[in-house]
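Observations on the three-dimensional arrangement
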Amino acid sequence: PPLPASSSGPSDEPCAHVRRDRANTDFRFTRRFPFPRFVSSSRLSSSEPQWSDRLMSQHFSRTDQPQDAGSKAASLHWTGERVVSVLLLGLIPAAYLNPCSAVDYSLAAALTLHSHWQVQQSFQGIGQVVTDYVRGAALQKAAKAGFLVLSAFTFAGLCYFNYHDVGICKAVAMLWKL
Amino acid sequence: MAALWLRRAGHHCLRAHLSPLLCIRKWSLPMVMSICHRGTGIALSAGVSLFGLSALLVPGSFESHLELVKSLCLGPALIHTAKFALVFPLTYHTWNGIRHLMWDLGKGLTISQLYQSGMIVLVLTVLSSVGLAAM
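Note that the structure is predicted; figures quoted are calculated from it, not measured.

1. Things to note about the UniProt feature "transmembrane region" (unreviewed entry) in chain B
Residue and element names in this part refer to chain B.
- Mapped onto this numbering, the UniProt entry annotates "transmembrane region" (unreviewed entry) at residues 41-62 and 114-134.
- With 82% helix and 0% strand, residues 41-62 has end C-alpha atoms that lie 25 Å from one another.
- Strand forms 0% of residues 114-134 and helix 100%; the C-alpha atoms that close the span are 30 Å apart.

Rendered as structure tokens:
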């Protein structure tokens, strides 16, 4: 039997980036949350046994639906976050074993970037709660901009410290000798 | 709603007119560790920002500030405690961060592995904090 024609409704704005094809709007498949397009078909078959294989391969196989620019950027951002985390992890023993100005500046960069991205992420979570209860788009934009300024100044301050003062590695060593 | 009435904590939250967000779900080790990971992360970021901003705004070199602290003649016990307090969030966040990265690789995601890795992280945190504070 033919599936009902898709109707792209104005609701469910969080999943607006998900293309509204027939599988998403058929009543059997509709979810309250956006169903990720790039879910592997094996996971689908374990949770929804009534879905036909043809449908799954047609609508949910990776090769059929290339990621759009938005989700590709998000995926790259996620990978970038992990790379910075691993870098920071490696810099800690490097700072102890081989303290030098290159490690100082790399630490400054990795530290500020990691904290900026992760704190932004945690506040986005809290921000969802805030947007539920507080209507203030301008306030949120101001908070985001303010946070970016704070991170920029933190990085500038750390670089200033590295250049004009003893540097991060030496500073920790001096502090520990207290 | 039923859960709120059945659980004692939920009952308390209802009477205190609190949001049931923290009362419905039974507190578990992974949940608490996740909250602590976020909390330590925010605290560490705040510390780093404070350090960076004071480098720009507060006059005087780092050495002069260290001399100031040295002149206070704080006892070794206090200094040891302060070092421990500084290093504990850092080690917790680092070891739990490694645990997070393992999850991102898809490893150790079953519930029993969650609890095992959690205990390992806690033990490593305490050991490394004590070790680093003693240095």
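2. Description of the UniProt feature "binding site: heme" (unreviewed entry) in chain B
- The UniProt feature table records "binding site: heme" (unreviewed entry) at B:H93.
- With respect to the secondary-structure elements, B:H93 resides in helix α6 (residues 76-104).
- If near-sequence neighbours (up to four positions away) are discounted, B:H93 is found in contact with A:H114, B:H37, B:T40, B:G41 and B:L44.

3. Here we look at the interface of chain A and chain B
- In this assembly, 29 residues from chain A lie in contact with 28 residues from chain B.
- Across the chain A to chain B interface the summed buried area is about 2,500 Å²; carbon plus sulfur atoms make up 78%.
- Taken as a group, A:L89, A:W176 and A:L178 account for 28% of the area that chain A buries against chain B, more than any other trio of residues on that side.
- Across the salt bridge formed by B:D104 and A:R82, the nearest N and O atoms sit 2.6 Å from each other.
- Taken together, the connections running from chain A to chain B amount to five residue pairs in polar contact (both at pLDDT 80 or more).

4. Section: the nonpolar core
- If you look at the biggest cluster of nonpolar residues, it comprises eleven residues: A:L88, A:L91, A:A95, A:V103, A:L107, A:A108, A:A110, A:L158, A:I168, A:C169 and B:V48.
- Residue assignment for this core shows that the elements contributing at least two residues are α4 (69-97), α5 (101-133) and α7 (168-176) of chain A.
- Beyond its immediate stretch of four places on either side in the chain, A:C169 contacts A:A95, A:P99, A:C100, A:V103, A:D104 and A:L107.
- Membership of the second largest hydrophobic core comes to six residues, among which are A:F161, A:A171, A:M174 and B:F62.

5. Notes on a nonpolar patch on the surface
- Residues A:V149, A:F153, A:Y160, B:L56, B:L57 and B:V58 make up a contiguous nonpolar surface patch of about 550 Å² in total accessible area.
- Looking at the nonpolar patch, the elements that each hand over two or more residues are α6 (137-164) of chain A together with α4 (29-57) of chain B.
- Among the elements that make up the nonpolar patch, the one with the highest residue count is α6(A) (three residues).
- Relative to the elements of secondary structure, B:L57 occurs in helix α4.

6. Some words on the packing of aromatic side chains
- With the rule as written, the count across this model stands at four aromatic pairs over all chains.
- Between B:F51 and B:F62, the ring centres sit 6.2 Å apart and the planes meet at 75 degrees, which makes this aromatic pair edge-to-face. Of this pair, B:F51 sits in helix α4 while B:F62 sits in helix α5 (residues 62-71); the two residues are eleven residues apart in sequence, bridging distant segments of the chain.
- A connected cluster of aromatic rings, assembled from ring pairs, spans A:F161, B:F51 and B:F62.

7. A look at the packing of α6(B) against helix α7 (residues 111-134) of chain B
Residue and element names in this part refer to chain B.
- At a closest axis distance of 8 Å, the pairing of α6 and α7 adopts a crossing angle of 150 degrees. Two packed elements cross with a definite hand, and for α6 against α7 that hand is right-handed.
- Considering only residue class, the contact of α6 with α7 consists of 15 nonpolar, eight polar and two charged.

8. Considerations on the UniProt feature "binding site: heme b" (unreviewed entry) in chain A
- The UniProt record annotates "binding site: heme b" (unreviewed entry) at A:H114.
- Inspection of the secondary structure puts A:H114 in helix α5.

Reading guide: rules and limits
Along each chain, residues carry numbers from 1 onward, in the same order as the chain's sequence is written. Just so you know, chain letters begin at A and ligand numbers begin at 1, following the order they were written in. The model is predicted, so local features are restricted to residues of pLDDT at least 70 and side-chain atom pairs to those at 80 or more, both for listing and for counting; the totals for chains, interfaces and linings are taken over all residues. Working from all heavy atoms in the structure, the side-chain values ignore hydrogens and water. UniProt positions are given in the numbering used here, feature names are shortened, and annotations may be inferred rather than shown by experiment. Numbered from the N terminus, helices here are DSSP runs of H or I no shorter than four residues, and strands are runs of E no shorter than two. Residue contacts are defined here by distance: any two heavy atoms, one from each residue, within 4.5 Å place the two residues in contact. Put simply, buried area is the surface a 1.4 Å probe can reach on two separate parts but cannot reach once they are joined, added for both. When a carboxyl oxygen of Asp or Glu is within 4 Å of a side-chain nitrogen of Lys or Arg, the pair counts as a salt bridge. Polar contacts, as used here, are pairs of N or O atoms within 3.5 Å; protein pairs need one atom able to donate a hydrogen and one able to accept it. Residues neighboring in sequence count only if both atoms are side-chain atoms. Take the buried Ala, Val, Leu, Ile, Met, Phe, Trp, Tyr and Cys residues and link them wherever side-chain atoms come within 4.5 Å; each set so joined is a nonpolar core. Burial classes follow relative accessibility: with a 1.4 Å probe on protein chains only, a residue under 20% of its type's maximum area counts as buried, one over 50% as exposed, and anything between as partly exposed. Patch membership is restricted to residues that have no salt bridge and whose relative accessible area is over 30%. Joining uses 9 Å for like charges and 5 Å for the nonpolar side chains Val, Leu, Ile, Met, Phe, Trp and Tyr. The accessible surface values rely on the Shrake-Rupley method and a 1.4 Å probe; as for residues, cover is taken only from the protein chains in view. Side-chain rings of Phe, Tyr and Trp (the six-membered ring for Trp) are treated as a pair once their centres are within 6.5 Å; stacked means planes under 30 degrees apart, edge-to-face means over 60, and tilted covers the remaining angles. Fitted lines through C-alpha atoms give the axes, limited to the stretch in contact for helices. The angle between two N-to-C directions lies from 0 to 180 degrees. By the definition used in this description, the sense in which the near helix is turned from the far one sets the handedness, with an anticlockwise turn below a right angle giving left-handed and a clockwise turn giving right-handed. Only Asp, Glu, Lys and Arg are considered charged, only Ala, Val, Leu, Ile, Met, Phe, Trp, Tyr, Cys and Pro nonpolar, and every remaining residue, Gly among them, polar.

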